Amino acid sequence: MNEPVQHPTTAPTPQEQAPAEEKDAHPPAKKGKETFGTFLSLREQLLQSGKGGVGANSARFNAVDHCIDQVVSLMNQPLSGDFQEDQGVFTQLVSAYSHLLEACNVYTGRNARTSSGKARQHIVSQIKTQAEQDFAHLRDFSDRMSSLPPEQRPKTMVEALGMARTRVLTLKAGRESQLHHVGGAVSYLGVLEPGSLTDEKASGFFKQQDTFDPKLSDTERYVQHAETLAKRKPEYQGIAAAAISLAKETGSVPNMYQDERSTAKGTRLAMNFSCEMRRFASTDTQNVDHFHRILHTHVAAALPESLPSARLRELNGQLSQGLPLVLPEDMYENLSSSSMLDLMEYYSSDALELFLPKLASEKKRYADADKTVRVTDRNVATSRMAGLLGIGDLVAQSERAELHDAEGKGVQQGNLMQKARGKEVAAFFTERLRDEAIANADTSNANSITTFISPQAQKDLMESAITPEFMESLTSLQVLDSIIGQCDRHYKNYFADVRDDGKLGKVQGIDNDFAFGFHSLRGQVGTNRLGDFGYKLVDSAGNIQIPHMDRKLADRILALRESDVRLMMADVLEDWAIDSLCQRIAEAQAAIRNDQQNNPDSGRYLDDVSQWDATVMEHLRGNPKSPTTYLGDLLAAGDQRGKSNLPSPGNFAVSDLLDKLQAKERAQVWSGIAGAEDKAEYLKSHGVKNQGALDYVAAHGHEFTGSAEELSSPDVSWILGGNDVHSAEVVKAFIAEQERIKRSRTHPS
């Protein structure tokens, strides 16, 4: 094997660089030590792993690599707070960026002849684009840093880089709170219409910065959300302040509608505030569960497949006083890794150190780590990672932004996000299967309308809409999601172009808040999932699991370097998230290299979109009872013989129509409340069964007008919630639509 490249202490000038090219073929490497639970350098893994080595690199290549290392090293420098001293660090970083740009210009100006050279050239061009922006913004930020108050100055170079990479937007008129918003109080997006900003090129959605700390208590989260709600909806500012004060005083979550100490007790304002806060709490529950499972999955990779319970009893008995647990009598003969993880919650690190040292080290590592998650920035990180891999158009673009109001007084930190192109894929198939689903719906039980689409009808309706572009892009999105640890790509989280012939084209993913967790790509035996909806690219033996992938994407994955990732991600991801990302990339690289060396004729890597044909579709479909690809999930959805994590498009079509009919019926019911003398009795006669809601209406009936605007009020949504409001009338309307579809099939116009 070639010796590791020794980097020079200064960047080579363009004149010093030789015109050598990267080599596609690499000699075997010596096998290195496998490490669990610690960050494994990509460079070290590539140099030492028996699953691939590094061949001789050109001087041009080494110059770029060296310059990136220099920039990353300077990015990690702390700032002292002394302006003159910090200015010197800025000057060094700007100089390093200047050298990086020179090296990138030389490297991208050559004619790459090999696939690996072309892949690396693409990545360098992406880094060059980011470096050009950083170079200009850092010089500007360095000049204006002296005007910032000391408390607003960055504490580290990474923080300074993040501020320099943040796009500054200014509204032409009004404030952020006056924008039209979509998504409700929890998922709160301000709509930036074209022409609404002084930057005429900017438009899209503005999402305020959001973080999540799994270590916070319920009360601390309540305070955090009350502050957020008050900012987003000014009408709640007074009651939010009172709620925060009460929560801090009592150390518990207050009910502002019922609590005797609430200044707004018994008012509609208090009920609406409580309803809004319950939505935040519901999201919190999902987040806590998600991040707990992320940690659970990651730590599981450090454990043996199983541990005999007899051995655990023996080890438990050897622990000194105060450390043993009282173990149940009816334990399984062999404990799974999941059971061992459950034990982690009860054993101290000292006890674990004696018989599960790997688990003990993981427990300590993540107990000590700052696991605060920059949720909104994960969308920015996804955009950057997709760009590095040459598939930037497969995710809705997002960038860090700072939004100023027109008066220059209010500033909001967050993201500028672009609207996804095309149509939500689930909605597309819902419409495509709609008539078939409704015509075959069983309406004999008014409380539970079910549907059945014949497997052949579903197969024909779905497959006829799938194109090679759709398969290729959806599979590339799956590969990206596996690398970034995105486990939430459910059926509503990707869109697709709808072509003129009515078929689906390229996809585009949205909502990447749950990406970049602790996940490893190498799961244990029988575990190929990332969360509920993602799939691991690599199995427990280190083998590629996906039947096909784009060859250019595979080449770009192989061309990535650790320093590339750190340069692009330092300001948007936590250190532990970057470490885990680099680990996943290393695992993917080792698996792809192994596969290409050991199975050169597998046909897994496709060079052209035309190769994504019917045969490839069948490979991606796999076993409908246990699909392993996004396309397999989609094709299995609605198939009564299979099981999928996606809801059936047929059932979804039925429920979608029922929801629309239900909303129409609720609007009619609510409009009639104005003329009702006893409003609670009126609603009861129209199907409202929630006694708490009826009592609430009895207390506040004089405040309700029955207007259409009231329907969006949180308390009215609660009153009319459920499926019991005029359910009989909804079913009648559904049956009428079903009969219309059947008649149109029998007597087409």
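Bear in mind the structure is a predicted one, so any value in this text is a computation, not a measurement. (Residues numbered from 1 in each chain as written. Predicted model: local features only at pLDDT ≥ 70, side-chain atom pairs only at ≥ 80, totals over all residues. Heavy atoms only, no water.)

Caption draft 1: Molecular detail of the packing of helix α2 (residues 59–75) against helix α4 (residues 115–144). With their axes 12 Å apart at the nearest point, α2 and α4 run at an angle of 40 degrees to one another. By the criterion of interaxial angle, the relationship of α2 to α4 is oblique. As α2 runs across α4, the sense of the crossing is left-handed. In contact with F61, V64, D65 and I68 of α2, α4 contributes R120, V124 and I127. Along the lines of polarity and charge, the residues of the contact of α2 with α4 split into 5 nonpolar, no polar and 2 charged. (Axes fitted to C-alpha atoms, helices over the stretch in contact; angles between N-to-C directions. Helix = DSSP H or I, 4+ residues; strand = E, 2+ residues; numbered from the N terminus. Parallel < 35°, antiparallel > 145°, perpendicular 65-115°, else oblique. Left-handed = near helix turned anticlockwise from the far one by under 90°. Contact = heavy atoms within 4.5 Å. Nonpolar A, V, L, I, M, F, W, Y, C, P; charged D, E, K, R; others polar.)

Caption draft 2: Geometry of helix α14 (residues 425–439). Taking 1.5 Å as the rise per residue, α14 with 15 residues should run 21 Å; its terminal C-alpha atoms sit 22 Å apart, in good agreement. In α14, a bend of some 55 degrees at L433 exceeds every other bend along the element. Among the residues making up α14, those that are buried are V425, A426, F428, F429, T430, L433, E436, A437, I438 and A439. (Expected span 1.5 Å × (residues − 1). Bend = angle between axes of the 7 residues up to and from the residue. Buried < 20%, exposed > 50% of the residue type's maximum accessible area, 1.4 Å probe, protein only.)

Caption draft 3: Structural view of the sheet that holds strand β12 (residues 494–498). Read from one edge to the other, the open sheet built from 3 strands follows the order β11-β12-β13, with strand pairing classed as antiparallel. One side of each edge strand has no neighbouring strand; the edge strands of this open sheet are β11 (423–424) and β13 (504–509). The pairing of β12 with β13 spans 4 bridges and is classified as antiparallel. Residue V498 lies in a different strand from β13, and its bridge partner there is L504. Each of β12 and β13 touches helix α16 (residues 468–484); the most contacted strand, β13, lies at about 15 degrees to it. (Pairing = 2+ DSSP bridges.)

Caption draft 4: How the structure looks around the pattern of salt bridges. Applying the stated criterion across every chain yields a total of 37 salt bridges. The shortest N-O distance in the salt bridge between E574 and R374 comes to 3.9 Å. Of this pair, E574 sits in the loop between α18 (562–569) and α19 (575–598) while R374 sits in strand β8 (residues 373–374), and the two are 200 residues apart along the sequence. Since its relative accessible area comes to 8%, E574 is described here as buried. Of the charged contacts in the structure, one is a salt bridge between R566 and E562, with a shortest N-O distance of 2.9 Å. Within this pair, R566 and its partner E562 are both found in helix α18, separated by 4 residues, close to a single helical turn. Exposure remark for R566: the relative accessible area of 17% places this residue in the buried category. (Salt bridge = Lys/Arg side-chain N within 4 Å of Asp/Glu carboxyl O.)

Caption draft 5: Spotlight on the confidence of the model for the protein chain. Here the protein chain shows a mean pLDDT of 82. Residues at 70 or above account for 82%. This model gives residues 1–55 a pLDDT under 50, and the stretch forms 117 contacts once residues within four places in sequence are excluded. (pLDDT = per-residue confidence, 0-100.)

Caption draft 6: Looking closely at the nonpolar core. Ranked by internal contacts, the top residues of the largest apolar core, which has 124 residues, are Y97, L100, M385 and F470. Among the elements that make up this core, the one with the highest residue count is helix α3 (residues 83–108) (11 residues). Every residue in contact with L100, bar those within four places of it in the chain, is listed here: V64, C67, I68, V71, I127, A131 and L567. Ranked by size, the runner-up nonpolar core spans 37 residues in total, among them L229, I244, Y682 and F704. (Core = buried A, V, L, I, M, F, W, Y, C linked by side-chain atoms within 4.5 Å.)

Caption draft 7: The environment of L100, seen in detail. Its location among the elements puts L100 in helix α3. When its relative accessible area of 0% is taken as the criterion, L100 is described as buried. Sequence separation between L100 and A63 is 37 residues; the distance between their C-alpha atoms is 8.2 Å.

Caption draft 8: Broad picture of the sheet that holds strand β1 (residues 167–170). With respect to topology, 6 strands assemble into an open sheet ordered β1-β9-β10-β4-β3-β2, the strand pairing being mixed. Edge positions in the open sheet fall to β1 and β2 (181–182), since each of these has one partner strand only. Judged from the 4 bridges that link them, strand β4 (residues 204–208) and strand β10 (residues 411–417) form a sheet pairing that is antiparallel. Across the sheet, the residue bridging to K207 is N415, located in β10. Running over the sheet, helix α13 (residues 377–388) touches β9 (398–404) and β10 and is turned about 135 degrees from β9.

Caption draft 9: Expanded view of the packing of α2 against α18. Viewed as axis vectors pointing N to C, α2 and α18 meet at an angle of 45 degrees, and their least axial separation amounts to 9 Å. By the angle between their axes, α2 is oblique relative to α18. In this structure, α2 crosses over α18, and the sense of that crossing is left-handed. Touching D65, I68, D69, V71, V72 and M75 of α2 are S563, D564, R566 and L567, all from α18. Looking at side-chain class alone, the contact of α2 with α18 contains 5 nonpolar, 1 polar and 4 charged residues.

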